[in-house]
Structure formats: C-alpha cells, structure tokens
Amino acid sequence: MYERELARIDQVIAAGKYKDNWESLSAYPVPQWYREAKFGAFIHWGAYAVPAYFSEWYVRLMYYHQNPVYWHHNRKYGKNYPYRKFIEQFTAPNFDAEKIVSVLKNAGVRYIMPVGEHHDGLKMYDSDLSEWTTVKQAMHRDVLGEYKRACEAQGVTFAASSHRAEHYWFVNGARTVGYDNEALDPAYRELYGACVNVHRHNNLYTLLRQEHGIDPTPEWCEKWLVHTVELVDRYQPETLFFDWWVSNHKFRPYMKKFLAYYFNRSLEWGKEVCVQYKSDAIMYNASIFDRERGQLPAVSPYIWQSETSTAYNAWSYCTTNRWKTPEEIARVFADVISKNGNFVLNIGPKADGTLCGEELHILHELGEWTSRNRDAIWGTSPYKVAGEGKRQKSGSFQEHNHYTSRDFRYTYRPCHIYAFALKPNRRGVYRLKALRHSMDGFNFDIQKISVLGGGPAEWDLNDQRLCIRAHDAPDTQMPLVFDIQVD
C-alpha cells in the first residue's frame, strides 16, 4: 500500500507546478485569507480527555516515574490499566461541532484548527491506514469531518494539525518503566507506536530529554508522508500545522515532498493553503513560522503565528488546569498582531464533547472585546513601531509577561493609529512616548482621539509624549484601544 501511495505522490509532484525543492516551494504565496485572519483556534481533543489529568501527554507520562500522572494512574486505575481503555470510554455523547464552531466564531475566530492526530496515535478522522480512529472505535464519529462541515456552513476557514511524527517514540517510557505492559504488545503497535528509546533509565531526566538521540527510520518517514497526504486529500484543510519533531533533519526530504504535493493539490482544489512549522523544520519563508506559547520581540517582515492555550499547564481539558484570565489572553493577542502575527488560541473540550465553563467564559469575554475593537484588529497592519513598555522576551514558552499600564501596542490603517493600552489604569491617563512629536518619528496632525467602545478622549502632544485622558471608556480589565485619527 505504501509503495503505491509513494509512487502516486511522486507523480503528482512531477506533473505539478511546485517541485520538492526549497526554491520552488518558497514561490508558493501566503494566502490572502490567512494574512487577513488575525485570529485562529486550536482544538486539542482526544482520549486523554477521559482521565483529564495534568495534560494531553497522559499516555507518555503514565509510564515515567516521579511525575504526577504516573502516581495518579497507579492510584486510580492501577499500573496494568492500559491507555486503550480510555479510547473505549471516549464516546463523546454530547459532542456538537456546530455549537463549538459557533462559540468560536462569536469570539472572533476566523479559522479553526482541530488536532487530526495527536502523539497518542488515535486519529480523530476516518482513515484506511489505521484501525485506531474515532470512526472505527467506540465513538464511531468522524470528528474532523464534522468540524469541516460546521466550518463551511458558518463561513469559518477549516484547518487541521498533525502531531503524528512524535508517535515514533512518544510512549517509549513503556520500555524502561520496569514492568510488562500493553504498549509493548505487537498487537497494539499501530496504537502505541514503535516506542523507540535510546535511554536506559526511567526518570524525570530521560522524560524531559524526550526525543534526544532518536532519529526516525526512512520507513517511518515514508509512513508519516503517506498518512499526512491521506489527511489532506480527505479533508482539504486550508492550513496544516505540524508539531516540533518534523524539525529532525531525517524528515527533510519527506517534508519537501509533502509540501510540493499539498501545494499542487491546492491548485486542483482551487484553494489557497499554507503550513505552519516550528524550529526551522521548513526553510525560512517557505511556510509560516510558528512560536508555541511565545512571541517575537519586534515586528516580523513576514507573517508568522503564535499559539497558546486557555490553560497554562495543558492543551487539553484537565481537572487540574490552571486557567488564564481573558485579559491575559487579550494582551498577548494584541502583542502578536502588532508584530505582523496571527494569534491562535487553543481550547480543549471535555470527554463528553462539551466545553467547560472556564473556557466558555474566556471565549465570551474575547468575543465582546474583539467585537468592540474590530476596527483595530482586522484590516490593519503593524505600525512603524510595534509598541512600547516592557521589552518582550523572544522564544517559546515565555508566558508570564506581567504587563503594566505603561505597555502599549500599535496597529495601523491609513489615517488611523490604534493604540492598545494592555492594562488599563484607574486614572484613565496614558502617556505614549512612541507617539511623541518628532520630525523623524511621529509628525502627523492629530485630528481626533476616541476610545473604541467608548467616547472621545482629550489629549496633548509635545516632544516628550502623547498624553491621552480617557474619561468615557468601557469599565474593563481587557486592553483598552484608542483610535488616533491623523492627517
């Protein structure tokens, strides 16, 4: 089967416009819909929502000593209770894709990216390549297909993500945990993966080293390619996100083949598509660079993506989640779009398919905020400076920003500079040093300043700062946005 599919992939590339080399792939344009979207949503949902403990890495952590999941699993279920049992319980009787898409759309989301397959090996879609799918297992539903239909019905762009690459080694703690377990049974190899491990010890050190020292075989990379092509052929997502391990250089030739195939097929479908990647997994500017739980320090010349979750500790629903506040999320949103990025927020439905109250609250507050400030978000571009205040740390997993009332971010459209006061203050007085009068900096005539969702504001301008006094502003902890009209 794989040989036939690999030959077909080569035929599509040979006959298509885009070839499997970086020069050709870099010529594929960034879709206009993606440039304009600004706000996307991830959806992490799978059998890990059944135990709903600590994180979506449950199947990995349950086999590693000295971590909370290991102790929780042994106490509650017993060490011989396999992850497969959670798949049998994953029936999701209350799952309604239409409702979830509607809630996300009302929050301002323009594209929705459900996880097609996470590291645990369970596909959330129909597949001829595996029996471990939500269609063939207890749920008997095509989750990705239902999301796609709901997105199309509601005018939201449908996307997807693949985390299959990591499945090669993800459950490798099962080899060193110290007792026989189902993950090592060849009958369940397709579910648990190869469990490749180069470490002899089983502790937090080897857990945190994750994939270090492991390289995928050509056979695994070929299977990864065929599985990924099946996903895009069946569901035609307009963007596909990859998690980090495709940055392993063994994937390089297979990633180039996938991109060439996907780009050529998009021309047949009449769609504009794109791919997001981390850690130089793809040549710079040949796709969309993504930063997980982090931002950039300045405006990027190329559009990029930042993705984070509603919880600090997990991407899936867990009873142990530490939830963010809506205002914390909105501040990061403003920072990202001020630097030419798209902001993606993850949610994680519960095992029964519903959203929890904490996430519904976050999405409701974001919906009110994006609606009130739509003019400053959509149809805008970065300004000459992204903002002022605290210097943003560069890198992934930089989530504790501690913004203050001195932190501002800017977006722009002709004759309008939008200033996001990331943390409103009680006095309603804001001093913007980046917009001080300067011949080589800010040299516009201010016509009017108003608060989006409020009324007009008073101001005075000199060569030290622009001082805005907002007397008629929404009573909110969410970022306050000033519309500075200039000529």
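Refer to the structure above for everything that follows.
Quick look at the structure, then. Quick caveat: nothing in here was measured; it's all calculated off a predicted structure.

What counts, and where the lines are drawn
- Residues numbered from 1 in each chain as written.
- Predicted model: local features only at pLDDT ≥ 70, side-chain atom pairs only at ≥ 80, totals over all residues.
- Heavy atoms only, no water.
- Helix = DSSP H or I, 4+ residues; strand = E, 2+ residues; numbered from the N terminus.
- Rg over C-alpha atoms; globule rule 2.2 N^0.38 Å.
- Buried < 20%, exposed > 50% of the residue type's maximum accessible area, 1.4 Å probe, protein only.
- Contact = heavy atoms within 4.5 Å.
- Areas by Shrake-Rupley, 256 points an atom, 1.4 Å probe, with all protein chains shown as cover.
- Lys, Arg positive; Asp, Glu negative; His and termini not counted.
- Charge placed at Lys NZ, Arg CZ, Asp CG, Glu CD.
- Salt bridge = Lys/Arg side-chain N within 4 Å of Asp/Glu carboxyl O.
- Axes fitted to C-alpha atoms, helices over the stretch in contact; angles between N-to-C directions.
- Left-handed = near helix turned anticlockwise from the far one by under 90°.
- Nonpolar A, V, L, I, M, F, W, Y, C, P; charged D, E, K, R; others polar.
- Disulfide = S-S within 2.5 Å.
- Pairing = 2+ DSSP bridges.
- Core = buried A, V, L, I, M, F, W, Y, C linked by side-chain atoms within 4.5 Å.
- Polar contact = N/O pair within 3.5 Å; in protein donor to acceptor, adjacent residues only side chain to side chain.
- Expected span 1.5 Å × (residues − 1).

Examining the overall build of the protein chain
A tally of helices and strands in the protein chain yields 15 helices and 17 strands. For 487 residues, the compact-globule formula gives about 23 Å, and the C-alpha radius of gyration of the protein chain, at 24 Å, lands near that figure. Based on the C-alpha atoms only, the size of the protein chain along its principal axes is roughly 75 × 55 × 40 Å. Residues counted as buried form 60% of the 487 residues belonging to the protein chain. Put simply, of all contacts in the protein chain between residues at least 6 apart along the chain, 72% involve residues at least 24 apart. For the protein chain, the accessible surface area stands at approximately 19,500 Å², while carbon and sulfur atoms represent 48% of it. Put simply, the protein chain has 59 plus and 58 minus side-chain charges, and the middle of one group is 4 Å from the middle of the other.

As for the side chain of Asp 290
Tracing the chain through its elements places Asp 290 in strand S7 (residues 288-292). Lacking a salt bridge, the buried Asp 290 has Lys 278 as its closest oppositely charged neighbour, with an N-O distance of 4.7 Å. Leaving out residues up to four positions away in the same chain, Asp 290 has contacts with Phe 241, Gln 276, Tyr 277, Lys 278, Gln 305 and Glu 307.

Section: the packing of helix H1 (residues 2-15) against helix H12 (residues 252-269)
At their nearest, the axes of H1 and H12 sit 9 Å apart, and the two run at 60 degrees to each other. Of the two elements, H1 crosses H12, and the hand of that crossing is left-handed. Across from Arg 8, Ile 9, Asp 10, Val 12 and Ile 13 in H1, the residues of H12 making contact are Lys 257, Ala 260, Tyr 261, Asn 264, Arg 265 and Glu 268. Looking at the contact of H1 with H12, its residues break down into five nonpolar, one polar and five charged.

As for the state of the cysteines
On inspection of all chains with the given rule, the structure shows zero disulfides. In this model Cys 195 remains outside any disulfide bridge; the closest cysteine sulfur is found in Cys 221, 17 Å from its own. Between Cys 356, a free cysteine, and Cys 318, which holds the nearest cysteine sulfur, the sulfur-to-sulfur gap is 10 Å.

Some words on the pattern of salt bridges
Under the definition given, this model contains 25 salt bridges. Here Arg 234 and Asp 128 are joined by a salt bridge, their closest N and O atoms 2.7 Å apart. Taken together, the residues span a long stretch of sequence, with Arg 234 in helix H11 (residues 218-235) and Asp 128 in the loop between strand S2 (111-117) and helix H8 (143-154) at a distance of 106 residues. For Arg 234, a relative accessible area of 33% puts it in the partly exposed group.

Some points on the pairing of strand S8 (residues 304-309)
The side chains of a regular strand alternate between both faces of the sheet. Burial analysis of S8 places six of its six residues in the buried class, which makes it a mostly covered element. Side chains of S8 alternate between two faces, with Trp 304, Ser 306 and Thr 308 and Gln 305, Glu 307 and Ser 309 buried alike. Across three bridges, S7 lies against S8 in parallel orientation. When the sheet's bridge partners are listed, Glu 292 is paired in S8 with Glu 307.

What to know about the nonpolar core
Among the nonpolar cores identified, the biggest contains 125 residues, and Trp 45, Tyr 83, Trp 224, Phe 258 and Phe 420 are the most heavily contacted of them. Counting residues in each nonpolar core, the second largest holds 21 residues, with Phe 408, Tyr 430, Ile 449 and Ala 457 among its members.

A word on the side chain of Arg 164
Relative to the helices and strands, Arg 164 is located in the loop between strand S4 (160-162) and helix H9 (189-192). A distance of 2.9 Å separates the side chain of Arg 164 from the side chain of Glu 117, its partner in a polar contact. Discounting chain neighbours no more than four positions away, the residues touching Arg 164 are Glu 117, Lys 123, Glu 190, Trp 220, Trp 224 and His 227.

As for H11
A turn of α-helix holds 3.6 residues, and therefore any two residues three or four places apart point the same way. Counted at 1.5 Å a residue, the expected span for H11 with its 18 residues is 26 Å, and the 26 Å between its end C-alpha atoms agrees. Counting buried positions over the 18 residues of H11 gives 13, a clear majority of the element. Note on H11: the residue one or two positions beyond its end, Gln 236, has a positive phi of about 45 degrees.

Side note on the sheet that holds strand S11 (residues 408-413)
Pairing in this open sheet of five strands is antiparallel, and the strands run S10-S11-S12-S17-S14 from one edge to the other. On the outer flanks of this sheet lie strand S10 (381-388) and strand S14 (446-451), each paired with one strand and no other. Sheet twist, expressed as the average angle between the axes of neighbouring strands with direction ignored, equals 20 degrees. Two elements, S14 and strand S17 (residues 480-486), share five bridges in a ladder whose sense is antiparallel. Along S17, the bridge assignment pairs Ile 449 with Ile 484. Helix H13 (residues 326-338) contacts S10, S11 and strand S12 (416-421) of the sheet and is inclined by roughly 50 degrees relative to S11.

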